[in-house]
Structure formats: structure tokens, C-alpha cells
Amino acid sequence: MKTLALIAGLFICSSSYAQLGFGPEASLGSSNVRFVPNSAFTSSSTSSIFSYKFGGVIDAPFSKHIYFQSGLSISHKGGNRNYSFYVSDSLNDYESRSLVLNYIDLPLTMVYKTRSQGKGRAILGMGATMSYLMGGSNTFNAHGSYNDTLFTRYTKTAPDQILRKFDIGATFFIGYEMPTGLYFKLYYTSGVKDISLIPSEVSKNKMWGISAGFLFGKGRNINKDSEGLIDKSTD
């Protein structure tokens, strides 16, 4: 509730300068889950999976160059992990886990835009992204031997059995916004919270990608001035 109140307050304050820009945004990229296994395992590795997200963005100006952005999106994240220990042919264990994670994301980002509206301009943003786990899959495979007896295990469960549902990450992006409102950006989000429910293990989401979007809204038409937002000068 406090977060929603903060967002509402920022939007109300920004409305004194100009109305909000808004529009769709979609991304393609790659994600992984940083992983530190418990001390029983002597080796581990991770690999990335294809990721994407799509949703809507709200763009609130505080000045000609400073903006606040938020919105909601559905994101597809996850990663693969492998970990093992080997003592002898009679005592070893090799395990792998494939995580497919579907989140609802709420970004809270401050953005700097190099030029005024109506001009092509570089954009630079940083902030936080709050995420809530809505579903996905947790596929687990293990094989090895114990006392000269071979074993295998396979399970597929919901990811919230091993991961916390709430996550928060630090977000950074750089891109370019055209005078028409079309924009592109390269972004990176790194989890700052350990979301593992398994004792003595660490799991943190990581995601990067390329986004494209379009901003609508009053004051975004380059042929109309809106309280000084638009720069009609020629360079």
C-alpha cells in the first residue's frame, strides 16, 4: 500500500507540469538465476534461458529532462542449474534443475532524457523493479550412486516450493527515444534479494534484453506545445 501511495503521489505531482505519456512496451532477452548451492555440493554451474516481457509503461515528466516511469508487465524468466559432488564411484550425486518463472513486474524508475520533447534524445534510467511470482515450473533431475546402488530422481513442481514469491531487483537501462514517441532501450535487472526457500542456498534473478515501445499522451505531439515541454528550436 505504501508503494502504491508513493506512485500515486509522484503522478499527482507530475500532473502539474504535464499529462502523463503512456503506451505499450515489449522485450526480448535472456535470464538466469544466480545460484550458490549448499555446502554439500562441491561444484555448480548455471546457464541462461530465452526470456521476454510485455506490458504497459507510464511516463511522468518533472521537467524537460527528468521523468518518472512505472507500469505493469508480465515477464518470463528463469534459468538452468547443475550441481554435484563426487567422493567415489560408490558415493556421488549429480543434480540439475530447470526453472521457468512467470512474474508480474512493477518498475519504479527515474529517467534522464538528454533533449526536450520533439527532438530525438538519448535516455538513461535507473531504479527498482518489484516482481511477484505467478507461476511456472521447477523441473528437477538427479542421478548417482550410494553404497554401490544407483539411483535416479525426477520431479516437476511449482517453483514457489523452492523460491519466495516476492522479488526485487535493481534496474538500469540506456536507449533512444524518437520525436514521435517510439523508443528502444537496452536494459539489465539484477535481483538484490535472496529468494531461495532452501536453507543454506542462495538464488537471485538476473535478466537483460532489448525493449521497444511507443509513448502516447497529450503534449507528445511534436506539432503542439504543452507547457514548454516541447523544444521547437532547430539545431
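So, how was this worked out
- Residues numbered from 1 in each chain as written.
- Predicted model: local features only at pLDDT ≥ 70, side-chain atom pairs only at ≥ 80, totals over all residues.
- Heavy atoms only, no water.
- Helix = DSSP H or I, 4+ residues; strand = E, 2+ residues; numbered from the N terminus.
- Buried < 20%, exposed > 50% of the residue type's maximum accessible area, 1.4 Å probe, protein only.
- Contact = heavy atoms within 4.5 Å.
- Lys, Arg positive; Asp, Glu negative; His and termini not counted.
- Salt bridge = Lys/Arg side-chain N within 4 Å of Asp/Glu carboxyl O.
- Polar contact = N/O pair within 3.5 Å; in protein donor to acceptor, adjacent residues only side chain to side chain.
- Pairing = 2+ DSSP bridges.
- pLDDT = per-residue confidence, 0-100.
- Patch = residues over 30% accessible without salt bridge, like charges linked within 9 Å, V, L, I, M, F, W, Y side chains within 5 Å.
- Areas by Shrake-Rupley, 256 points an atom, 1.4 Å probe, with all protein chains shown as cover.

So, about the environment of glycine 23. Mapped onto the elements of the fold, glycine 23 is located in strand β1 (residues 21-36). Assessed through its relative accessible area of 12%, glycine 23 is described here as buried. C-alpha separation for the pair glycine 23 and aspartate 59, spaced 36 residues apart in sequence, amounts to 8.6 Å. Apart from residues lying up to four places away in sequence, glycine 23 is in contact with Gly55, Gly56, Val57, Phe214, Leu215 and Phe216.

Here the focus is the environment of glycine 191. By secondary structure assignment, the location of glycine 191 is in strand β9 (residues 182-191). Between the C-alpha atom of glycine 191 and that of serine 131, which follows or precedes it by 60 residues, the distance is 9.9 Å. If near-sequence neighbours (up to four positions away) are discounted, glycine 191 is found in contact with Ile168, Gly169, Lys204 and Asn205.

On to the side chain of arginine 97. You can see arginine 97 is positioned in strand β5 (residues 91-113). The side chain of arginine 97 sits in the buried core without any salt bridge; glutamate 95 is the nearest counter-charge, 5.3 Å away. Here asparagine 138 takes part through its side chain, which lies 2.9 Å from a polar atom of the side chain of arginine 97. Beyond its immediate stretch of four places on either side in the chain, arginine 97 contacts Gly79, Asn80, Arg81, Tyr83, Asn138, Thr139, Phe140, Ile162 and Ile198.

Moving on: the pairing of strand β8 (residues 166-177). Where burial is concerned, the two faces of β8 differ: the one with Asp167, Gly169, Thr171, Phe173, Gly175 and Glu177 is buried and the one with Phe166, Ile168, Ala170, Phe172, Ile174 and Tyr176 is not. One ladder, built from twelve bridges, connects strand β6 (residues 121-146) with β8; its direction is antiparallel. Considered in β8, the bridge of glycine 125 is made with phenylalanine 173. Bridge count for β8 against β9 is nine bridges, and the pairing is antiparallel. Bridge pairing links tyrosine 176 to phenylalanine 184 in β9. With antiparallel pairing between neighbouring strands as the criterion, β8 and β9 make up a hairpin whose turn holds four residues, including glycine 181 at a positive phi of roughly 110°.

Attention shifts here to the environment of leucine 163. Position of leucine 163 among the secondary structure elements: in the loop between β7 (149-157) and β8. In this structure leucine 163 comes out as buried when scored by relative accessible area, which is 1%. Contacts of leucine 163, omitting those with residues within four sequence positions, involve Leu99, Leu101, Ile195, Ser196, Leu197 and Ser203.

Of note, the phi angle at asparagine 147 is positive, near 55°, even though the residue is not glycine. Note on placement: asparagine 147 falls in the loop between β6 and β7. Residue classification places asparagine 147 among the exposed positions, given a relative accessible area of 53%. Backbone geometry places serine 200, a non-glycine residue, at a positive phi of 65°. On the secondary structure map, serine 200 appears in the loop between β9 and β10 (202-214). For serine 200, a relative accessible area of 57% puts it in the exposed group.

All right, on to the confidence of the model for the protein chain then. Per-residue confidence for the protein chain gives a mean pLDDT of 86, with 84% of residues at or over 70. Low confidence marks residues 1-5, where pLDDT is under 50. Its contacts with residues over four positions away, or in another chain, come to three contacts.

Turning next to the pattern of salt bridges. One pass over the full model with this rule turns up seven salt bridges. The salt bridge partner of arginine 121 is glutamate 177, with a shortest N-O separation of 3.0 Å. Here glutamate 177 lies in strand β8 and arginine 121 lies in strand β6, a separation of 56 residues in the sequence. Neither arginine 121 nor glutamate 177 differs from the other in exposure class; each is buried. Note that lysine 165 and aspartate 160 form a salt bridge whose closest N and O atoms lie 3.7 Å from each other. Taken together, the shared-partner salt bridges in this structure form one network comprising Asp59, Lys113, Arg121 and Glu177.

This part is about a nonpolar patch on the surface. Residues Ile66, Met110, Tyr112, Leu124, Met126, Phe172, Ile174, Leu186, Tyr188, Trp208 and Ile210 make up a contiguous nonpolar surface patch of about 1100 Å² in total accessible area. Secondary structure elements with two or more residues in the nonpolar patch: β5, β6, β8, β9 and β10. As for its position among the elements, leucine 124 is in strand β6.

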